[in-house]
Number of protein chains: 2
Amino acid sequence: MASRRTTILDVARAAGVSSATVSRVINGATTVDKELSRRVQAAVQDTGYVPDALGRSLRRGGASQIAVVAPDSENPYFMQIISEVERIARTQNHTVTVAHTEDDLGLERECFRQLLGRRVSGVLLVPVDSARTDLAPLIDAGIPVVLVDRAVDGAATDVVATDNLDAGRQAARHLHERGFRAPAVIAGPPTLRTTEDRATGFLATWRERGVEVGPEALLRGDLHVESGRVATEQLLADGIADCLYVTNNRMSAGAFEALRGRAQVPALFATDDDLWTRLVTPSVSVVHQPVRATSRAAARMLGQRIADPDEEPSTTLLRSKIIERDSTRPRGREEDG
Amino acid sequence: MASRRTTILDVARAAGVSSATVSRVINGATTVDKELSRRVQAAVQDTGYVPDALGRSLRRGGASQIAVVAPDSENPYFMQIISEVERIARTQNHTVTVAHTEDDLGLERECFRQLLGRRVSGVLLVPVDSARTDLAPLIDAGIPVVLVDRAVDGAATDVVATDNLDAGRQAARHLHERGFRAPAVIAGPPTLRTTEDRATGFLATWRERGVEVGPEALLRGDLHVESGRVATEQLLADGIADCLYVTNNRMSAGAFEALRGRAQVPALFATDDDLWTRLVTPSVSVVHQPVRATSRAAARMLGQRIADPDEEPSTTLLRSKIIERDSTRPRGREEDG
DNA sequence: AGGGTGCCGGTAAACGTTTCCTGATCATCG
DNA sequence: CGATGATCAGGAAACGTTTACCGGCACCCT
């Protein structure tokens with residue numbers, strides 16, 4: 001009952017060889033005799049031996065693990081990243097570990113310390129804060145880091161993100177070309193670069209096109225559904241905008257809720273091609289972020305950086321794409337329940 | 001430049017003590033002199049020492065890792081589980097690793113082998129197949145396993161799942177009480193117990209209540225959106241049902257798409273309280289699975305089982321809850337775009 | 001036939017911890 | 001004052017691998 005785990009020595013004994021030979025066979029060395037190799041393989045089968053990853057990693061000087069670190073599990077990138085990075089990891093015999101930083105810099109730092117201690121071979125990180133996240137511990141230890149979605153100021157690492165400024169510009173162009181002239185936008189917290197860039201690009205484009213936009217055109221939410229609804233209701237009360245761009249997916253849902261069932265609402269332009277946007281009536285036009293492509297690119301980049309650590313860091317920006325649906329068509333007939 | 005990693009020996013030298021003492025201080029042993037302890041702590045700070053998790057785990061005979069294994073990343077439980085299990089893991093100084101089995105028994109088996117080699121302290125598993133998943137390798141190695149969402153035949157492990165039979169019954173009762181009399185249901189693949197149980201409970205309840213249900217009332221999809229749409233269109237062509245219960249969330253969306261904009265459609269009863277169900281018109285009644293509660297219960301159970309491995313396995317069933325919306329109200333007025 | 005040259009398998013060290021055991025120091029007690 | 005015990009730090013073994021190094025053997029060349 002007190003059966004020890006079967007180790008490489010047990011296999012060696014069973015096959016009548018030394019542990020070195022067993023190790024060689026397991027790791028596919030060619031320098032071992034056919035006959036011995038056969039005996040070892042048989043012994044492995046018989047004993048049901050599974051090499052211990054801990055001993056192996058210790059000896060090899062590094063766990064074959066890739067870490068995925070993101071602020072929260074609601075982050076749309078998170079699941080995609082895991083899924084993509086796992087595909088890459090499998091081909092390189094790596095495993096995947098995850099951690100959430102819960103938008104907390106302290107937790108993030110602690111998390112980095114952990115990763116350091118575990119000798120991970122690379123980190124895919126959605127940083128908590130562009131300005132205050134400190135990558136130094138990881139960088140100094142020579143651990144490759146690829147940033148996803150958000151950059152970190154002054155960090156010499158790879159970055160894969162979407163071109164948010166451009167996303168905002170595209171939204172503005174689209175609405176302007178459809179004849180709308182009184183824009184409004186719901187942004188997030190000012191320190192969050194992604195939503196802020198979208199809002200900035202959006203407003204700048206209108207101004208470039210000679211449309212006057214006052215400060216009342218810029219509303220703010222906290223990224224959650226409810227805040228989108230509140231902001232939109234306020235906008236409706238003011239009642240001057242003829243179109244509304246919402247800079248993240250959850251607030252978009254809130255905005256739609258506020259608009260639903262009302263007559264004469266502004267055209268809604270949402271963010272992210274979530275399922276509901278095409279199921280609702282009217283269907284909602286969106287700026288579709290290339291989430292999958294971004295995740296894939298990030299995973300690839302990390303894989304490559306792990307294989308070849310001394311290359312120059314690069315920044316990859318992916319373009320968003322507009323999906324036009326009914327909510328922004330020039331004169332959708334109104335319907336109501 | 002070729003700076004070695006700082007090890008416990010470096011700290012020991014810096015503090016003028018032995019590695020044993022450093023280890024004791026780090027692990028909070030009380031048997032160390034105040035003064036020495038202080039010196040060691042200072043040395044740790046100075047050298048920026050982070051204990052190596054590999055050496056530690058090797059010596060301790062087990063990595064402090066919890067694995068989360070699920071068929072695919074679209075599984076609604078997956079993210080929730082990760083998030084919940086991480087909370088538990090943090091309090092027990094464990095880390096979390098993930099793996100997808102991609103609905104592939106071979107991959108699942110390989111995955112188990114890996115986990116075995118990595119000496120994980122516990123596994124949270126959404127099994128690929130109730131009948132053919134083989135837990136023996138993990139069980140034999142004494143690794144605690146908690147099954148989530150789906151049971152595995154004949155496995156003596158903890159299970160946390162929702163009572164799917166009951167979910168189907170609730171749906172049937174609800175529709176029957178609203179006056180509907182010609183039910184239909186979209187099930188999944190026959191071997192998938194969750195959707196099958198829902199369908200079974202649903203149909204059984206109608207029969208118990210004296211409603212004749214023929215085999216044509218049972219449609220099947222492959223769990224994806226598109227298959228829900230196809231099945232629903234077929235149902236509409238036959239045109240006899242006055243209400244439709246869909247047993248998973250993605251097929252529900254497909255069903256809604258097929259129904260949208262048509263007059264005189266059957267009442268739709270969907271599964272999972274996804275965002276879109278309350279945004280669309282008419283809003284869709286759902287059987288809400290307690291995903292968060294299930295995940296949390298599973299994580300707790302695993303934490304407990306790791307702490308105390310020799311307890312009797314238990315099965316926890318959580319009840320689903322009905323959320324009534326417009327789609328199943330007796331005579332919703334029809335609207336159309 | 002003897003020595004050189006490869007080939008291949010084994011011995012043992014090393015990876016970085018933790019922890020058992022021993023030994024030293026000191027206090028207390030007989 | 002000596003012996004016993006308690007306390008605490010260090011030496012060294014152990015966890016399970018991989019791999020550098022070495023030695024033995026067979027073969028070939030001179």
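Shown above is the structure to which this text applies.
Reference entry: report on the structure contained in this document. (Residues numbered from 1 in each chain as written. Chains lettered and ligands numbered in written order. Predicted model: local features only at pLDDT ≥ 70, side-chain atom pairs only at ≥ 80, totals over all residues. Heavy atoms only, no water.)

So, about the overall build of chain A. Of regular secondary structure, chain A possesses 13 helices and twelve strands. Taking 337 residues into account, the globule formula puts the C-alpha radius of gyration at 20 Å, and chain A, at 26 Å, lies well above it. Overall size of chain A, expressed as C-alpha extent along the three principal axes, is 85 × 45 × 35 Å. Burial statistics for chain A: of 337 residues in total, 52% are counted as buried. Long-range contacts, defined here as pairs at least 24 residues apart, represent 68% of the contacts in chain A between residues at least 6 apart. About 15200 Å² of surface is accessible on chain A, with carbon and sulfur atoms providing 49% of the total. Across chain A, the 42 positively charged side chains and the 46 negatively charged ones have centroids separated by 7 Å. (Helix = DSSP H or I, 4+ residues; strand = E, 2+ residues; numbered from the N terminus. Rg over C-alpha atoms; globule rule 2.2 N^0.38 Å. Buried < 20%, exposed > 50% of the residue type's maximum accessible area, 1.4 Å probe, protein only. Contact = heavy atoms within 4.5 Å. Areas by Shrake-Rupley, 256 points an atom, 1.4 Å probe, with all protein chains shown as cover. Lys, Arg positive; Asp, Glu negative; His and termini not counted. Charge placed at Lys NZ, Arg CZ, Asp CG, Glu CD.)

In the region of DNA strand C, 27 residues are neighbours, and A:Thr21, A:Asp33, B:Ile8, B:Ser23 and B:Arg59 sit closest. The sugar-phosphate backbone supplies 61% of the atoms of DNA strand C found within 4 Å of the protein. Contributing elements (two or more residues each) for the surface near DNA strand C: α2 (19-26) and α4 (53-60) of chain A together with α2 (19-26) and α4 (53-60) of chain B. With five residues, α4(B) is the largest single contributor of residues to the surface near DNA strand C. Partitioned by chemical class, the residues of the surface near DNA strand C number eleven nonpolar, seven polar and nine charged. (Near = heavy atom within 4 Å. Nonpolar A, V, L, I, M, F, W, Y, C, P; charged D, E, K, R; others polar.)

Enumeration according to the criterion identifies eight aromatic pairs over all chains in this entry. Relative to A:Tyr245, the ring of A:Phe202 lies with its centre 4.8 Å away and its plane at 35°, an arrangement referred to as tilted. One end of the pair, A:Phe202, is in helix α9 (residues 193-208); the other, A:Tyr245, is in strand β8 (residues 243-246), with 43 residues separating them in the sequence. Relative to B:Phe269, the ring of B:Tyr245 lies with its centre 6.3 Å away and its plane at 85°, an arrangement referred to as edge-to-face. Placement of the pair is B:Tyr245 in strand β8 (residues 243-246) and B:Phe269 in strand β9 (residues 267-271), with a sequence separation of 24 residues. Among the residues examined, B:Tyr245 registers a relative accessible area of 0% and is labelled buried. (Phe/Tyr/Trp six-rings, centres within 6.5 Å; stacked < 30°, edge-to-face > 60°.)

As a further point, take the interface of chain A and chain B. One widely used convention gives an interface's size as the accessible area the parts lose upon coming together. Taken together, the contact pairs 49 residues of chain A with 49 residues of chain B. For the pair chain A and chain B, the two sides together bury roughly 4300 Å², of which 58% comes from carbon and sulfur. Looking at the side of chain A facing chain B, the largest losses of area belong to A:Leu54, A:Met79 and A:Leu279, adding up to 16% of the total buried there. For the interface between chain A and chain B, the tally reads six salt bridges. On the surface where chain A and chain B come into contact, there are 16 residue pairs in polar contact (both at pLDDT 80 or more). At the level of elements, α4, α5 (76-91), β2 (95-100), α6 (105-117), α11 (249-259) and α12 (275-279) of chain A are the ones that each hand at least two residues to the side of chain A that touches chain B. Partitioned by chemical class, the residues of the side of chain A that touches chain B number 21 nonpolar, 13 polar and 15 charged. Bridge count between β2(A) and strand β2 (residues 95-100) of chain B: three bridges; the pairing is antiparallel. Its bridge partner being in β2(B), A:Val96 is matched across the sheet by B:Val98. (Buried area = accessible area lost by both parts, 1.4 Å probe. Salt bridge = Lys/Arg side-chain N within 4 Å of Asp/Glu carboxyl O. Polar contact = N/O pair within 3.5 Å; in protein donor to acceptor, adjacent residues only side chain to side chain. Pairing = 2+ DSSP bridges.)

The environment of DNA strand D is made up of 25 residues, and the closest members are A:Ile8, A:Ser23, A:Arg59, B:Thr21 and B:Arg24. Between DNA strand D and the protein, one listed contact pairs a phosphate oxygen with a side-chain N or O atom of B:Arg119 at 3.4 Å. Looking at the surface near DNA strand D, the elements that each hand over two or more residues are α2 and α4 of chain A together with α2 and α4 of chain B. Broken down by element, the surface near DNA strand D gets its largest block of residues, four residues, from α4(A). In terms of residue class, the surface near DNA strand D is made up of ten nonpolar, seven polar and eight charged.

All names here are of chain A. Examined against the element boundaries, Asn-248 turns out to sit in the loop between β8 and α11. A polar atom in the side chain of Asn-248 sits 3.3 Å from the backbone oxygen of Leu-223. At 3.4 Å, the side chain of Asn-248 forms a polar contact with the backbone nitrogen of Arg-250.

The next point concerns the sheet that holds strand β6 (residues 183-187) of chain A. Residues and elements named next belong to chain A. Taken in spatial order, the six strands line up as β7-β6-β8-β9-β10-β12 in an open sheet, and their pairing is mixed. Two strands bound the open sheet, and with one partner strand each, they are β7 (218-220) and β12 (321-323). With direction set aside, neighbouring strand axes in the sheet form an average angle of 20°. Summarising the sheet, β6 and β8 pair through four bridges and their orientation is parallel. (Axes fitted to C-alpha atoms, helices over the stretch in contact; angles between N-to-C directions.)

All names here are of chain B. Mapped onto the fold, Arg-150 is located in the loop between β4 (145-148) and β5 (158-162). Polar contacts involving the side chain of Arg-150 include one to the main-chain carbonyl oxygen of Val-128, which spans 3.4 Å. Apart from the residues within four sequence positions on either side, Arg-150 is in contact with Pro-71, Asn-75, Val-126, Pro-127, Val-128, Leu-192 and Thr-194.

By themselves, these are just geometric observations and shouldn't be taken as functional.
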